Amino acid sequence: MPPVRHPLNMTILKILEFPDPRLRTKARPVEKVDDALRQLIDDLFETMYAAPGIGLAATQVNFHQRLLVADVSADKTEPHVLINPQILELDGVQVTEEGCLSVPGFYEEVERAERVRVCFLDRDGVVVETEFEGMLAVCVQHEIDHLQGRLFVDYLSETKRQRIRKRLIKDRRSQAAV
Ligand code: ZN
């Protein structure tokens, strides 16, 4: 069966790439969960699935509000929307290889909590408190970092981060020259 398409118009948004300084912006809390915000949520999902990626923070598409989407399922059937997420508790340790749609082509090991308890609003503005674990916990911690202007490369050594920065700037210059 073909995937069920959302009836609304959706737009694929442009994803900012490291070292774009706008990725360092601290997002403001969402004040109102309304249809305009839900349209942005749909666009975030469309952009994330098209990339393809398993998580996307509003910061990455230059909307600086505390909002993220995630779906770590293989068949894109478990969408999560977290509005104004607050981490309540972190527990355990896991090391996984992370990538980021804003740092294309680079994957590095990062240490995160194994479980994370988070409070947030869902797409109807209802307060939810839940615990994520495993890959979803990694993803949620990674995306909440984005909302604070932090990137996974910040957990790497200065040498590694500079190497990635230079490489991405060089790639972009050669693309622009074509
Ligand atoms: Zn990312």
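So, here's what we can say about the structure.

Conventions we followed
Residues numbered from 1 in each chain as written. Predicted model: local features only at pLDDT ≥ 70, side-chain atom pairs only at ≥ 80, totals over all residues. Heavy atoms only, no water. Helix = DSSP H or I, 4+ residues; strand = E, 2+ residues; numbered from the N terminus. Buried < 20%, exposed > 50% of the residue type's maximum accessible area, 1.4 Å probe, protein only. Contact = heavy atoms within 4.5 Å. Expected span 1.5 Å × (residues − 1). Arc of directions from axis to C-beta. Donors = N, O, S within 2.8 Å, 3.2 Å for Na, K, Ca; no water. Pairing = 2+ DSSP bridges. Axes fitted to C-alpha atoms, helices over the stretch in contact; angles between N-to-C directions. Salt bridge = Lys/Arg side-chain N within 4 Å of Asp/Glu carboxyl O.

Points about the overall build of the protein chain
In terms of regular secondary structure, the protein chain is built from three helices and seven strands. If one aligns the C-alpha atoms of the protein chain with their principal axes, the spans along those axes are about 45 × 40 × 35 Å. By the burial criterion, 44% of the 178 residues in the protein chain qualify as buried. The long-range share in the protein chain, meaning contacts at least 24 apart out of those at least 6 apart in sequence, stands at 65%.

Comments concerning helix 3 (residues 158–177)
Taking 1.5 Å per residue as the helical rise, helix 3 with its 20 residues ought to reach 28 Å, and the 29 Å between its terminal C-alpha atoms agrees with that figure. Residues of helix 3 that are buried include every one of Arg-161, Ile-164 and Leu-168, and no others. In a view along the axis of helix 3, the buried residues occupy a sector of 65 degrees, so they form one face of it. Within helix 3, the exposed residues directed more than 90 degrees away from the buried face are Thr-159, Arg-163, Lys-166, Lys-170, Arg-173 and Ala-177.

Here we look at the coordination of the zinc ion
All of the protein donors around the zinc ion are Cys-100 (SG), His-142 (NE2) and His-146 (NE2); their distances to the metal are 2.1 to 2.2 Å. In primary-sequence terms, the residues that donate to the zinc ion follow C-x41-H-x3-H. One end of the pair, Cys-100, is in the loop between strand 4 (94–98) and strand 5 (108–112); the other, His-142, is in helix 2 (residues 134–147), and 42 residues separate them in sequence. Overall, Cys-100 belongs to the buried group, its relative accessible area being 10%.

Some thoughts on the environment of Gly-55
By secondary structure assignment, the location of Gly-55 is in strand 1 (residues 55–57). On the basis of relative accessibility, which here comes to 8%, the residue Gly-55 falls in the buried class. For Gly-55 and His-146, which are 91 residues apart along the polypeptide, the C-alpha to C-alpha distance reads 11 Å. Not counting residues within four places of it along the chain, the set of residues in contact with Gly-55 comprises Met-48, Gln-60, Val-69, Ala-70, Leu-101, Cys-139 and Glu-143.

So, the sheet that holds strand 6 (residues 115–121)
Strand order in the open sheet made by the five strands is 1-2-3-6-7, with antiparallel pairing throughout. Of all strands in the sheet, those bounded by a partner on one side alone are strand 1 and strand 7 (127–133). The sheet shows a mean angle of 40 degrees between the axes of neighbouring strands, taken without regard to direction. Strands in contact with helix 1 (residues 35–50) are strand 1, strand 2 (67–70) and strand 3 (80–91); relative to strand 2, the strand with the most contacts, it is inclined by about 40 degrees. Each of strand 1, strand 2, strand 3, strand 6 and strand 7 is contacted by helix 2, which is oriented at about 155 degrees to strand 2, the strand it contacts most.

Some details on the pattern of salt bridges
By the definition in use, this model includes 14 salt bridges. Arg-117 serves as the salt-bridge partner of Glu-129, at 3.0 Å between the closest nitrogen and oxygen. In this pair, Glu-129 sits in strand 7 while Arg-117 sits in strand 6, placing the two residues twelve residues apart along the sequence. Here Glu-131 ties to Arg-117 by a salt bridge, and the two come within 3.9 Å at their closest N and O atoms.

A word on the pairing of strand 4
Where burial is concerned, the two faces of strand 4 differ: the one with Gln-94, Thr-96 and Glu-98 is buried and the one with Val-95 and Glu-97 is not. Across five bridges, strand 4 lies against strand 5 in antiparallel orientation. Each bridged residue has a counterpart across the sheet, and for Gln-94 the counterpart in strand 5 is Arg-112.

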